[in-house]
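Commentary on secondary and tertiary structure
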Amino acid sequence: GDASRPRSHSSAHLRQSARRASFLGCVFGTGVGLAATVSTGCPSWPVGIYACYLRGFHWSEYFITALANPPAALQLGTYLMDNSLAYWVAALVSWLEFCVEHAIAPDLKACPCTVALGAALCSAGEAIRKLAMLTAGANFNHTIEWRKRPEHELVRRGVYSLARHPAYLGWLLWACGTQLLLCNPVSLVAYAAASWAFFNRRIRDEERLLVAFFGREYVRYRRRVWSGVPFVRGYADADSACDGDADGMTDDESVRPVRFELANI
């Protein structure tokens, strides 16, 4: 949460940030080179497009956070490159699936229509997520905050008037789009199922805290606006949790029982 945000950036932080940005730049350059092989008929060209979107996601997380927040809010973790182990295991599995299926049926791994659909999903997901980050500004955090900051406000404008958790919707679209780029049918299903299960738990826990922070104000907002993730209701006991407390619960005891996910999204 906000307690872990550094007040200033050391030279070591700047050097490590530069290394990560340089690495992502190399990934992008490699991706462009691979994508350019489409004119030669090489069946590996979708990997190049995938690499460009992968680089774009991680780099833009840091860049958009820098635009929408004070400098002290920036952390190396904002790149989301040292995310949960499960994230990188899933990525490795998807790369393995691509390699195996590419060896068996290379022509099926470069379907233009599937790649185009994947690119469209990735682009839409990135646009929705980054718009959500810019709209929320300093109210957006990659980790769940279990204490309400004095300046913390309930954002209900822009994309938040259409979905309570647009950043999660954007990530879900982007994640599924990456597997369409690679034409990975198994990983596509696995990514969708795992992401839905993760957000089903995460949104429930997050909304429990939001009810504690904002009380009936959030309950009314929750009634009007879709969660943003298909078939995810969120904190279903919001009404009963807020009964008798119009201003919400802000004491630590009210939020301590929540189980937090370790992943930063």
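Nothing here was measured: the structure is a model prediction, and the numbers come from that model.

1. A word on the layout of surface pockets
Once rolled over the atoms, a probe with the size of a water molecule shows which space is left empty. In this structure, the second largest pocket encloses a volume near 270 Å³. Taken together, 15 residues form the lining of the second largest pocket, with V27, Y50, L54, W88 and W95 sitting closest to its centre. Listed by contribution, the elements that provide at least two residues to the lining of the second largest pocket are α1 (11-35), α2 (45-68) and α3 (85-104). With six residues, α2 is the single largest residue contributor to the lining of the second largest pocket. Its residues placed into classes, the lining of the second largest pocket shows 13 nonpolar, one polar and one charged.

2. Re the pattern of salt bridges
Scanning the model with the defined rule gives twelve salt bridges in all. A salt bridge links E151 to R149, with the shortest nitrogen-to-oxygen separation between them at 3.1 Å. We classify R149 as buried; its relative accessible area is 4%. Among the ionic contacts, a cluster of salt bridges with common partners joins E61, E126, R129 and K130.

3. With respect to the packing of aromatic side chains
Two aromatic rings are characterised by how far apart their centres lie and by the angle between their planes. The full count for this structure, using the stated rule, is ten aromatic pairs. For the ring pair F57 and W174, a centre distance of 4.3 Å and an interplane angle of 20 degrees mean the geometry is stacked. One end of the pair, F57, is in helix α2; the other, W174, is in helix α5 (residues 166-181), with 117 residues separating them in the sequence. According to the relative accessible area criterion, F57 is buried, its value standing at 1%. Overall, W174 belongs to the buried group, its relative accessible area being 3%. Judged by centre distance (6.0 Å) and plane angle (75 degrees), the rings of W171 and F199 are edge-to-face. You can see W171 sitting in helix α5 and its partner F199 sitting in helix α6 (residues 185-214), a full 28 residues away along the chain. Accessibility assignment for this pair places W171 and F199 in one class, buried.

Parameters and conventions
Residues numbered from 1 in each chain as written. Predicted model: local features only at pLDDT ≥ 70, side-chain atom pairs only at ≥ 80, totals over all residues. Heavy atoms only, no water. 1 Å grid on protein atoms, 1.4 Å probe; cavity = no way out; pocket = protein on both sides within 12 Å on 5 of 7 lines; lining within 4 Å. Points joined across faces, edges and corners; volume = space filled by probe spheres on them. Helix = DSSP H or I, 4+ residues; strand = E, 2+ residues; numbered from the N terminus. Nonpolar A, V, L, I, M, F, W, Y, C, P; charged D, E, K, R; others polar. Salt bridge = Lys/Arg side-chain N within 4 Å of Asp/Glu carboxyl O. Buried < 20%, exposed > 50% of the residue type's maximum accessible area, 1.4 Å probe, protein only. Phe/Tyr/Trp six-rings, centres within 6.5 Å; stacked < 30°, edge-to-face > 60°.

No statement about biological role is implied by the geometric values presented.
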